[in-house]
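Results of the structural survey
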Amino acid sequence: MKREDIYYQAMLARDYRFDGKFFLGVKTTGIYCRPICPAKPKRENVEFFHSHLEAEKAGYRPCMRCRPESAPQSPAWIGKSAVVQRAVKVINSQDAIDFNEDRFSEKFGVTARHLRRLFVEEIGKTPKQLSFENRLNLARKLITETALPITEITFASGFLSIRRFNDAFKARFKKNPSEIRRDKAILNADKGLKILVPYRPPFDFEGLMKSYENHRMGNLEWFKNGKMHRVVAMNGKVGQITISNDPESSSLVIEIDFPDTSIIHMIVMRVRNLFDLNSDPVVVANAIESDPELKKLLKRNPGVRLPSGWDSFEIAISAILGQLVSVDRGRALVRDLIEIAGQETKLVAEGKAVKLFPSARAIIEADLTNLKTTGARKQTLVDFCKAVNEDRISLEPTQDVDEFIKKVSAIKGIGPWTSQYMALKALRNTDTFPSSDLILARALEKHPWEIIEKVSPWRGYVAALFWRAYAETLQKQRAVRK
């Protein structure tokens, strides 16, 4: 069967596993859609594209029903060269609307001119144009899914001029913002700010929630009725978000209560990274299932995702405090550090006053006498914070991972587990496997390292799978020994 025929069958079945992996242009209407769109055009009337950019380059405009700009994204969904694929991934996950081509290109070791040339050759748009489209996509999502006034949406999507926003929006979507809002007249203003963020199933939401609850950040995070609640601080302001799963629509539901709507884009991107929504579970599964034993584990835990955290600095500090102690003890030390060095807020969560996670400078200047860990561990904590504060160590995910591990490991008191754990969770590197981790070391007794190596560049997902599959078994073994 030809690939186009497979795509058409997936479209007829509205198979969410293909959502975002291809798009279809309907020749009779000039509209392009996601494969899950309710519309069912005839086979002879459609052509297929690997990305929404290809569809728009061919002259199609986005469908108003399925909103193809909202489709889940994939790390390697477009571009021939590695640098373009990496750059597209970063553009689609960055948590800042302000885009500077020179600063952006430096992350990949090339000039802005060279990166623009690569983008134009491979996808027909510059990095800045792609970032601009993402802003418009966010705007349409806010118009169709929330009751925010158009003026606030203008600024939330990074536009300083309402007139320029209206012109750009109409050029992209062929309707002005108010026309689309009228099309969604059933929207209820009392629903608050809720945004749906789609993912590609299968999706092990429960596994990620267990991981985040086990490693929760003091009073900043709490879990109740299948929802994750988080206090967030950005640009000097504080608010709250709630994250839950809607498996019927294959989407996460983000409820946002924040005093500055211009931060919405940053919050959505952070949630995407937190739940690894750019992952393609089919690609990962194809690599993992090359081994029969790993295939059995994945079958019991389908849709495994990389566990990470809300903030890279929080993850790194938690890794240092979690060295050579239990998960419970590590979590307690993180909570105590927040109480010692964190900034007060006026928020109360679950009956407890909330302090923000301390900055690197706050930890350096804090009196850590009452932090119940060793003096050597406290010194390691301070030394790491000094390196971050002085820009000797970066937590930027685009950097060379081996170089990062080398720099971090040079700090006294940081060993292989800590540096690799940071690379996996803070940098979200898909190929890092912290083999000295207690659970992973036990798993390697059952699964030879040679097998794990063959799964590259997805070894991080094998680590996540082992944590998911063997954590409870290890805890039971510990209980028996006690």
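Refer to the structure printed above.
Our subject in this report is the structure included herewith. The structure presented is a predicted model; accordingly, all values stated were derived computationally and were not measured.

Let us look at the sheet that holds strand 6 (residues 221-224). Taken in spatial order, the 5 strands line up as 5-9-8-7-6 in an open sheet, and their pairing is antiparallel. Single-partner strands in this sheet number two, and they are strand 5 (194-198) and strand 6. On average, each strand axis in the sheet is tilted by 25 degrees relative to the strand beside it, whichever way the strands run. As defined by bridge partners, strand 8 (residues 237-246) adjoins strand 9 (residues 251-257) across 7 bridges and the pair is classed as antiparallel. Bridging from a neighbouring strand, Thr242 pairs with Glu255 of strand 9.

Throughout this description, disulfide means a covalent bond between two cysteine sulfur atoms. Evaluated as defined, the whole model comprises 0 disulfides. In this model Cys63 remains outside any disulfide bridge; the closest cysteine sulfur is found in Cys66, 3.8 Å from its own. What makes Cys63 buried here is its relative accessible area of 6%. The closest cysteine sulfur to the non-disulfide-bonded Cys66 is located on Cys37, 3.8 Å from its own sulfur. Assessed through its relative accessible area of 8%, Cys66 is described here as buried.

Our focus in this paragraph is the nonpolar core. Proteins that are soluble and globular tend to have nonpolar side chains buried together. Formed by 66 residues in total, the largest nonpolar core has its most connected members in Phe313, Ile317, Phe384 and Phe466. Looking at this core, the element that brings in the most residues is helix 22 (residues 459-481), giving 8 residues. Dropping the residues within four chain positions of it, Ile317 is found in contact with Leu337, Phe357, Ile363, Leu381, Phe384 and Cys385. In terms of nonpolar packing, the next biggest core, distinct from the first, is built from 44 residues, Ala156, Met209, Phe275 and Trp310 among them.

In terms of burial, helix 14 (residues 312-321) is a largely internal element, 10 of the 10 residues being buried. Every buried residue of helix 14 is listed here: Ser312, Phe313, Glu314, Ile315, Ala316, Ile317, Ser318, Ala319, Ile320 and Leu321. On the buried face of helix 14, the contacting elements are strand 7 (227-234), helix 15 (327-341), helix 16 (360-365), helix 17 (375-389) and helix 19 (416-425). At the N-terminal boundary of helix 14, the capping side chain belongs to Asp311, with an oxygen 2.9 Å from the backbone nitrogen of Phe313.

Rules used throughout
Residues numbered from 1 in each chain as written. Predicted model: local features only at pLDDT ≥ 70, side-chain atom pairs only at ≥ 80, totals over all residues. Heavy atoms only, no water. Pairing = 2+ DSSP bridges. Helix = DSSP H or I, 4+ residues; strand = E, 2+ residues; numbered from the N terminus. Axes fitted to C-alpha atoms, helices over the stretch in contact; angles between N-to-C directions. Disulfide = S-S within 2.5 Å. Buried < 20%, exposed > 50% of the residue type's maximum accessible area, 1.4 Å probe, protein only. Core = buried A, V, L, I, M, F, W, Y, C linked by side-chain atoms within 4.5 Å. Contact = heavy atoms within 4.5 Å. Polar contact = N/O pair within 3.5 Å; in protein donor to acceptor, adjacent residues only side chain to side chain.

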